[in-house]
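# Coordinate inspection notes
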Amino acid sequence: MNLGLIGVLGFATVPIAAEQPAPFWPTELEALTPQTSKNQKNDFSQWQQQQRQQLRQSYLWPEPLPQIKAERLSQSDQGTYWREHWQLQLLTPVWQQVWLLIPKTATPAQPKPAILLLHDHGAEFRLGKDKWIRPLDQTKLPLAQQWADKYFSGNFVGEQLAAQGFVVLAADTLGFGDRGPIAYAQQQQLAANFLARGRSLAGFAALEDQQLAAFLAAQPVVKKGQISALGFSMGAYRVWQLAALSEHINAAVGIGWFNQFAKLTVADGNFSKGQSSFYLLHPGVMAQLDLPDIAALAAPKPLLLVMGGKDPLMPTAGVQQGFAKLQQWYRQCSVDAATGLQLKFWPDKGHQFDAQMQQQVWQWLQRQPVAAICDQPTATIKHAKN
């Protein structure tokens, strides 16, 4: 036997590392990138009405929203508030579970302000509404507590708000919590099957948020005209697109998600990697609207954005430039941008909603401004008492 040959053959069988392909980013995309709308000098209300229609059409749901079916399953005493477990049918005849927290001081005779909580993505599909409110299933509590520790200083935000006197509603987005969990790679499968049916996963999620807002507004213990939406990360994006189209949402708080399309659709941008984009991108919307434009469709509703300067998902330049554009829109709606629209920027914080940020938001919610009316040059902002 030729030992030299064996040595050669043995050496030849050592696996060679596969060469990594170069990043693929076609120039065709740059050629197809549209110029999003520019600020109008006149007719803001007309522009706003037209673009709301465009946004709604991009959801790929031409039918009127169906009547909501609701059934309360249980109620438990949580000290200062009641915790109610409901099941709802929002867009399809499929029941989903939601949690409603009602302060004991809230009655039909003395209704209280309300908050719709929209949860984040975070590639954690085992949790949904229980990212905000302690899960009933005790086997899920350690995971939920880990999530709260990581992003919310250990707090369950929904419970904090209920203890402060707000009626609180939280639900699972399709694929999350009790409506999942899906695997990360299955997001593409889910989105593809929506598109094959002429629908959109992002549109489906957005319209369910609208139905949740309508359900919350219909509760007799909720004070009319004082319903806010609050969201973190993916939930923040959902919050200000919800405020743009829902008549039931009067104010909005978005934490950890605000930018410009141009900063997020580059090769390494948030919209160009990761399957979470399937929950956010509406077909064709970028041809009409930039992200600050979508947020501007909520004007003159009070809007608070809370962002961290060290958030790796949201480039700081896009946050600042996008907010400047949003300010211009709000001013065209004759809104005092310093009151009706605010950006709370924390230079040293990352992708989080910690105790410091929470206290800032609670103060804003307690003195929630009432929206002015567009096209009134001398419009003023009044503050509502809790």
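Cut-offs and rules
Residues numbered from 1 in each chain as written. Predicted model: local features only at pLDDT ≥ 70, side-chain atom pairs only at ≥ 80, totals over all residues. Heavy atoms only, no water. 1 Å grid on protein atoms, 1.4 Å probe; cavity = no way out; pocket = protein on both sides within 12 Å on 5 of 7 lines; lining within 4 Å. Points joined across faces, edges and corners; volume = space filled by probe spheres on them. Helix = DSSP H or I, 4+ residues; strand = E, 2+ residues; numbered from the N terminus. Nonpolar A, V, L, I, M, F, W, Y, C, P; charged D, E, K, R; others polar. Buried < 20%, exposed > 50% of the residue type's maximum accessible area, 1.4 Å probe, protein only. Pairing = 2+ DSSP bridges. Axes fitted to C-alpha atoms, helices over the stretch in contact; angles between N-to-C directions. Contact = heavy atoms within 4.5 Å. Left-handed = near helix turned anticlockwise from the far one by under 90°. Phe/Tyr/Trp six-rings, centres within 6.5 Å; stacked < 30°, edge-to-face > 60°. Lys NZ or Arg CZ within 6 Å of the ring centre and 35° of its normal. Expected span 1.5 Å × (residues − 1). Arc of directions from axis to C-beta. Salt bridge = Lys/Arg side-chain N within 4 Å of Asp/Glu carboxyl O.

Moving on, we come to empty space enclosed by the protein. Taken as a whole, this structure holds two cavities of 30 Å³ or more when the rule is applied. A volume near 70 Å³ is recorded for the largest cavity. Surrounding the largest cavity, 14 residues form its lining, Asp 172, Thr 173, Glu 208, Asp 209 and Arg 238 being those nearest its centre. The dominant element in the lining of the largest cavity, judged by the number of residues it contributes, is helix H7 (residues 201–217), at five residues. Taken together, the residues of the lining of the largest cavity sort by class into seven nonpolar, two polar and five charged.

A separate point is the side chain of Gln 210. Here Gln 210 shows up in helix H7. Gln 210 sits in the buried class, given a relative accessible area of 12%.

Attention now moves to the pairing of strand S6 (residues 222–232). With respect to burial, S6 is a largely interior element, eight of its eleven residues being buried. In terms of strand pairing, strand S4 (residues 112–118) meets S6 through six bridges, oriented parallel. Each bridged residue has a counterpart across the sheet, and for Lys 112 the counterpart in S6 is Val 222. The pairing of S6 with strand S7 (residues 251–255) spans five bridges and is classified as parallel. Among the inter-strand pairings, Ser 228 is bridged to a residue of S7, identified as Ala 251.

Attention shifts here to the sheet that holds strand S3 (residues 96–103). Hydrogen bonds between backbone atoms are what pair the strands of a sheet, whose relative direction is either parallel or antiparallel. Spatially, S1-S2-S3-S5-S4-S6-S7-S8-S9 is the arrangement adopted by the nine strands of the open sheet, whose pairing is mixed. Every other strand in the sheet has two partners, leaving strand S1 (69–77) and strand S9 (341–346) as the edge strands with one partner each. On average, each strand axis in the sheet is inclined to that of its neighbour by 20°, with strand direction left out of account. Here helix H11 (residues 316–332) sits on the sheet and contacts strand S8 (303–308) and S9; the angle it forms with S9, its principal contact strand, is near 165°.

Turning next to the packing of H7 against helix H8 (residues 234–245). The interhelical angle for the contact between H7 and H8, taken along N-to-C directions, is 65°, at an axis separation of 10 Å. Where H7 crosses over H8, the two elements pack in a sense that is right-handed. Residues Ala 206, Asp 209, Gln 210 and Ala 213 of H7 form the contact with H8, whose participating residues are Arg 238, Gln 241, Leu 242 and Leu 245. Among the residues forming the contact of H7 with H8, the class breakdown is four nonpolar, two polar and two charged.

For any pair of aromatic rings, the description rests on two quantities: the centre-to-centre distance and the angle between the ring planes. Counted under the stated rule, the structure contains 21 aromatic pairs. Taking 6.3 Å as the distance between ring centres and 50° as the angle between the ring planes, the aromatic pair formed by Tyr 151 and Phe 152 counts as tilted. Classification of Phe 152 by relative accessible area gives buried; the value is 0%. Each member of the aromatic cluster is reached from another via a ring pair, and the members are Trp 132, Trp 147, Tyr 151, Phe 152, Phe 232, Phe 353 and Trp 362. The ring centre of Trp 99 lies 4.3 Å from the NZ or CZ of Arg 83, which sits over that ring. The ring of Trp 82 carries the charged tip of Lys 104 above its face, separated from the ring centre by 4.8 Å.

Moving on, we come to the layout of surface pockets. A volume near 670 Å³ is recorded for the largest pocket. The wall of the largest pocket is formed by 26 residues, among which Leu 29, Thr 265, Phe 271, Leu 281 and Met 286 lie closest to the centre. Taken together, the elements giving at least two residues each to the lining of the largest pocket come down to helix H2 (27–32), helix H6 (186–196) and H7. Sorting elements by how many residues they give to the lining of the largest pocket places H2 first, with three residues. Residues that form the lining of the largest pocket fall into these classes: 16 nonpolar, nine polar and one charged. In this structure, the second largest pocket encloses a volume near 380 Å³.

Let us look at helix H3 (residues 44–57). Here H3 is 14 residues long and its end C-alpha atoms lie 20 Å apart, about the 20 Å a rise of 1.5 Å per residue gives. Looking only at H3, the buried set comprises Phe 44, Trp 47, Gln 48, Gln 51 and Leu 55. All buried residues of H3 project into a common sector of 95° when viewed along the axis, lining one side.

This next bit is on the pattern of salt bridges. All told, the structure shown has 14 salt bridges when counted by the stated rule. The salt bridge involving Asp 178 is made with Lys 129; its shortest N-O contact spans 2.8 Å. Residue Asp 178 is located in the loop between strand S5 (167–171) and H6, and its partner Lys 129 is located in the loop between S4 and helix H4 (141–151); the two are separated by 49 residues in the primary sequence. What makes Asp 178 partly exposed here is its relative accessible area of 49%. Linking Asp 293 and Lys 325 is a salt bridge whose minimum nitrogen-to-oxygen distance equals 3.4 Å. Linking Asp 293 in helix H10 (residues 291–296) with Lys 325 in helix H11, this pair joins segments that are 32 residues apart in sequence.

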